[in-house]
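# Fold and contact review
Below, each chain spelled out in residue letters.
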Amino acid sequence: MMERIPFKKMLDLVEKETGLDNKESDRLVRHWFGIINEGLEKDGRVRISKFGTFKLQSVAERNGINPITREAMLIPAHTKVGFKSAKYLRETVNKKYNLLEAKPIKMEEKKTNKKETINTNGQNEDINNESTKKNSENEIDELVSQITETTSTENMELKNENKSKPDTEKTKIEQLKRKQSEEVRAKIEEKFSQKENDFTPNGVMSVKEEDTKSEEKDEKEIIDQDSEVEEKKTVEKTELQKTEPEKVEVIIEKETKVEEPKQPISEPEKKEKKSKTGLWISIAAIFILLIIILLFWKPWRTVEEVVAEKPMVQEEVKPEPPPKPKVPKIVYKTAGGEHAVNRGDKLWDLSDEFYRDAYLWPNIYRVNDKNIPNPDILVIGNVVTIPPLEGTYQNLTANDSVNISVGFYKAYKAYQKNGNQWAKYYLWVCKKYDRKTFNGYEKNVEQEDFLFALSMK
Amino acid sequence: MEHSEIVQKLAERLQITPKESTRLIRALVKLFVEKLGKNNKFSIPGFGTFGTKIRKERKAYNPSTKTIQLLPKKNIVYFRPASHLKEQMKNVESK
C-alpha cells in the first residue's frame, strides 16, 4: 500500500545499504541531489542510470483561475522540472501488472479467427501424414488395449479380494494371468515377424513389465522366456540395420528407453550383492564420522579444563582503544571559488570562514541571489560561489564597499518579499557602505523604507 | 549531465575515490527503486517527493496499424519538485 517513508527512516535504510554513518549518509544523499540540482541549472538535463532523467520543460503562459478566490488570472511562462523513469524502474514498479496485455477492440477480432482456422488446417495435414504410419500400429494397439482392460479389471478385483478371500484363490488368479500374458507374447511375436518395418509402441512393453513383476517372485521359467524374446528381437533388429539404417535408429532409441527398467528385473542376484556392499559402506562411513566427532568434541575433557579455556579466549579479544576525537582546527579559507553547503552552514558562518568578518555575508548573497530565495535558508548540497575581496576585511577598497552595498540592497529585497519587518534596516546599512548606490535605488524601493534609511545616521 | 560526471563530482565533494562513489550511488538507486517497487512514497528535503500511482486502462489508436486497442492499467512513478526547487528553476531557460 501507499506508505510514506520519513526522511530520517530513509537515512537509516541508506546507512544499512552503504555501511556509512548516519551523518555521512545524510551528507551523501543531500550532496547527490545537490549535484543533480546543479546539473539541471547547467545543462537542463540530468540522467541517472537505472533510475531516470530529470529534465527542464518550458511552459507557455496561459489563463487560469485562482482556486481560493475564484478569480481569473494569468499564469506567466516559466520552466518546470520533469522526471521520466528509466526502463528498469518502470519494470520493477509494474511487476504486478506485467502479465496484462493490450487487447484489440474491433478490427483485430476477425484476424484472430482466421489464424485459428489456419492452425486447424495445418493440424489436419499433419494428422493425414501420420495416419498412414499409425494404421500399421493400430492393430497392435487394439491388442494392447484389450489386455490392459482385462488386467486392470482383474487387478481391481484382486485388491478387493485380497482383503476378504484366503491365499488359495490368489494363486488361481495368478495362474490365469500367466496364461493370458503368454498368449499376448505369442501374438506380438507373430506381428513382429509379419511386419519388420513397424516397431512396437511403448505401451506393449509397459504391459509386459507389469506382468513380469507379478510373476518374478514365484517362478524363474518365465524370466528365461523373456530373455529369449529379447534375443529374438535383437536378432531382428540386426537384420534391419543392414537393410534400412534410417528407421532403425529410431527403433533403437525407443527400445533402449523401454529396456532400461527391465535389466534389474532380469538380474535380481546382482541387486542383492549391491545392497550388501552398500550396507558395508554406510557402516564404515558412520564409524569414520564418529571418530571425527570424538576427535573434535573431546567428551573426556574435565570440567576444569573447559573452565580454564574460556577466560583465555576473552583475554585475547581486547577492545581496541577508542579513537581520540579530532579537535577541529580553525582554518581560514581563501575566498574565490565554490563551496558545497554542508549541514549547519549559514551565510553568516561562511563569510566568517572566508572573509574573517561575519558582517560581510551580503557580499556572498549578492552573487547567489538567484539560487537562494531566502537568505536565512541554505539547502544542503547546493553550491555557493564565494567572490573574493579586493582588499582585506579591515581595509575595504571602494569597489568592495560598492559590492557590499549592492548585496545589502538585494538582502533587503529578499526580506521584504518574505515579509520580514527588519528589512528596512538592511537598506540603512546599504546607505552606510556606499551613498551613491543607495541613491540610485530610490525608485525601486518603497518610500517609507527609503525615508527611514535617510533619517538614520 | 551524464552519470559519469555525477560520479566524479560526488567523489570530489565527499573526498572519496570515484570507485567508492559509484558504489554509493548504485546502492542509493537500488534502495530507491526497491522502495518505489513496494509503492512507497518518500521525499528529499529541498528537492522533491517521489511516489507511484495507478494509471487506469484506456483506449488508444495506433495510426500505423489503424487499430484501436485497450491498453491495460499500470503503475507509474511521479516526481513533484519541492517549492525551493520550483522557485530556483522558474527563470532558468530550458535547453
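To start, this report covers the structure provided alongside it. (Residues numbered from 1 in each chain as written. Chains lettered and ligands numbered in written order. Predicted model: local features only at pLDDT ≥ 70, side-chain atom pairs only at ≥ 80, totals over all residues. Heavy atoms only, no water.)

The subject of this paragraph is the sheet that holds strand E3 (residues 52-59) of chain A. The strands making up a sheet are joined through hydrogen bonds of the backbone, oriented either antiparallel or parallel. Residue and element names in this part refer to chain A. Taken in spatial order, the 3 strands line up as E2-E3-E6 in an open sheet, and their pairing is antiparallel. The open sheet has two edge strands with one neighbour each: strand E2 (45-48) and strand E6 (78-85). The mean inter-strand angle of the sheet, taken between neighbouring strand axes irrespective of direction, is 25°. (Pairing = 2+ DSSP bridges. Helix = DSSP H or I, 4+ residues; strand = E, 2+ residues; numbered from the N terminus. Axes fitted to C-alpha atoms, helices over the stretch in contact; angles between N-to-C directions.)

Looking now at the sheet that holds strand E3 (residues 58-62) of chain B. Read from one edge of the open sheet, 3 strands run E7(A)-E4(B)-E3(B), paired in antiparallel fashion. The sheet terminates laterally at strand E7 (103-104) of chain A together with E3 of chain B, the two strands that pair on one side only. Judged from the 2 bridges that link them, E7(A) and strand E4 (residues 67-71) of chain B form a sheet pairing that is antiparallel. Paired with A:Pro104 across the two strands is B:Gln69, which belongs to E4(B).

Applying the stated rule across the entire model yields 10 salt bridges over all chains. Two residues, B:Lys30 and A:Glu17, come together in a salt bridge whose shortest N-O distance is 3.7 Å. Pair noted here: B:Lys30 is in helix H2 (residues 18-37) and A:Glu17 is in helix H1 (residues 7-18), and the two residues belong to different chains. On the accessibility criterion, A:Glu17 (29% relative accessible area) is partly exposed. (Salt bridge = Lys/Arg side-chain N within 4 Å of Asp/Glu carboxyl O. Buried < 20%, exposed > 50% of the residue type's maximum accessible area, 1.4 Å probe, protein only.)

Turning to the packing of H1(A) against H2(B), a few remarks are in order. The contact between H1(A) and H2(B) brings their axes to 10 Å, and the two run at 130°. One way to sum up the angle between H1(A) and H2(B) is to call them oblique. The two elements H1(A) and H2(B) meet at a crossing, and its hand is right-handed. Side by side, H1(A) and H2(B) meet where A:Met10, A:Leu13, A:Val14, A:Glu17 and A:Thr18 of the first sit next to B:Arg23, B:Leu24, B:Ala27, B:Leu28, B:Lys30, B:Leu31, B:Phe32 and B:Lys35 of the second. Residue composition of the contact of H1(A) with H2(B), by class: 8 nonpolar, 1 polar and 4 charged. (Parallel < 35°, antiparallel > 145°, perpendicular 65-115°, else oblique. Left-handed = near helix turned anticlockwise from the far one by under 90°. Contact = heavy atoms within 4.5 Å. Nonpolar A, V, L, I, M, F, W, Y, C, P; charged D, E, K, R; others polar.)

With that settled, the discussion passes to the packing of aromatic side chains. Scanning all chains against the criterion turns up 27 aromatic pairs over all chains. Where A:Phe54 meets A:Phe83, the ring centres are 4.9 Å apart and the plane angle is 40°; that geometry is what we call tilted. Pair noted here: A:Phe54 is in strand E3 and A:Phe83 is in strand E6, with a separation of 29 residues, a long-range link. A network of ring pairs unites the aromatic residues A:Trp32, A:Phe33, A:Phe51, A:Phe54, A:Phe83, B:Phe32, B:Phe42, B:Phe47, B:Phe50 and B:Phe79 as a single cluster. Across from the ring centre of A:Tyr88, 5.0 Å away, lies the NZ or CZ of A:Lys50, which sits over that ring. If you follow A:Lys424 out to its NZ or CZ, it ends over the ring of A:Phe452, 4.8 Å from the centre. (Phe/Tyr/Trp six-rings, centres within 6.5 Å; stacked < 30°, edge-to-face > 60°. Lys NZ or Arg CZ within 6 Å of the ring centre and 35° of its normal.)

Residues A:Lys55, A:Lys84, A:Lys87, A:Arg90, B:Lys53, B:Arg55, B:Arg58, B:Lys74 and B:Arg80 make up a contiguous surface patch of positive charge. With respect to the secondary-structure elements, A:Lys87 resides in helix H3 (residues 87-93). The class for A:Lys87 is exposed, based on a relative accessible area of 58%. (Patch = residues over 30% accessible without salt bridge, like charges linked within 9 Å, V, L, I, M, F, W, Y side chains within 5 Å. Areas by Shrake-Rupley, 256 points an atom, 1.4 Å probe, with all protein chains shown as cover. Lys, Arg positive; Asp, Glu negative; His and termini not counted. Charge placed at Lys NZ, Arg CZ, Asp CG, Glu CD.)

Attention now moves to a nonpolar patch on the surface. All names here are of chain A. On the surface, a cluster of nonpolar side chains totalling about 1,000 Å² of accessible area is made up of Leu279, Trp280, Ile283, Phe287, Ile288, Ile291, Ile292, Leu295 and Phe296. Considering the arrangement of structural elements, one finds phenylalanine 296 in helix H10 (residues 268-297). The exposure class of phenylalanine 296 is exposed, given its relative accessible area of 72%.

Attention now goes to the packing of H1(A) against helix H2 (residues 22-43) of chain A. All names here are of chain A. Relative to each other, H1 and H2 sit at 105°, their axes nearing to 9 Å. Put simply, H1 runs roughly perpendicular to H2. Where H1 approaches H2, its residues Phe7, Leu11, Asp12, Val14, Glu15 and Thr18 are matched on the opposing element by Asn22, Ser25, Asp26, Leu28, Val29 and Arg30. Of the residues in the contact of H1 with H2, the class split is 5 nonpolar, 3 polar and 4 charged.

This next bit is on the interface of chain A and chain B. Taken together, the contacts link 68 residues of chain A with 61 residues of chain B. A salt bridge links A:Lys42 to B:Glu5; the nearest nitrogen and oxygen atoms lie 3.3 Å apart. Counting the contacts that link chain A with chain B gives 19 residue pairs in polar contact (both at pLDDT 80 or more). Counting residues per element, the ones that place at least two in the side of chain A that touches chain B are strand E1 (3-5), H1, H2, E2, E3, E6, H3 and E7 of chain A. Per-element accounting of the side of chain A that touches chain B gives the leading share, 17 residues, to H2(A). (Polar contact = N/O pair within 3.5 Å; in protein donor to acceptor, adjacent residues only side chain to side chain.)

Next up on the list: the pairing of E4(B). Residues and elements named next belong to chain B. Here E3 runs beside E4; their pairing, made up of 5 bridges, is antiparallel. Residue pairing in the sheet places asparagine 62 in a bridge with threonine 67 of E4. Adjacent in sequence and paired antiparallel, E3 and E4 are bridged by 4 residues, among which lysine 66 carries a positive phi angle near 55°.

Within the largest apolar cluster, 44 residues are counted, with the highest numbers of intra-cluster contacts made by A:Trp32, A:Phe51, A:Phe54 and B:Phe50. The contact partners of A:Phe54, leaving out residues within four places of it in the chain, are A:Ile36, A:Leu40, A:Gly44, A:Arg45, A:Val46, A:Ile48, A:Gly82, A:Phe83, B:Phe47, B:Phe50 and B:Phe79. Among the nonpolar cores identified, the runner-up in size contains 32 residues, and A:Leu347, A:Leu378, A:Val406 and A:Ala453 belong to it. (Core = buried A, V, L, I, M, F, W, Y, C linked by side-chain atoms within 4.5 Å.)

Let us now look at helix H14 (residues 398-418) of chain A. Residue and element names in this part refer to chain A. Taking 1.5 Å per residue as the helical rise, H14 with its 21 residues ought to reach 30 Å, and the 31 Å between its terminal C-alpha atoms agrees with that figure. In this structure, the buried side of H14 is in contact with helix H13 (362-368), helix H15 (423-433), helix H16 (435-440) and helix H17 (447-455). Note on H14: the residue one or two positions beyond its end, glycine 419, has a positive phi of about 80°. (Expected span 1.5 Å × (residues − 1).)

A word on the environment of A:Tyr359. All names here are of chain A. Take tyrosine 359: it is sitting in the loop between helix H12 (347-355) and H13. Judged by its relative accessible area of 55%, tyrosine 359 falls in the exposed class. Leave out the neighbours within four places in its chain, and tyrosine 359 touches Trp348, Ser351 and Phe408.

Peptide bonds are mostly trans, and most non-glycine residues show a negative phi. Residues and elements named next belong to chain B. In this structure, glutamine 15 is a non-glycine residue whose phi angle is positive, near 55°. One can find glutamine 15 in the loop between helix H1 (3-14) and H2. The class of glutamine 15 is exposed, set by a relative accessible area of 72%. Located in the positive-phi region is asparagine 39, a residue other than glycine, with phi close to 60°.

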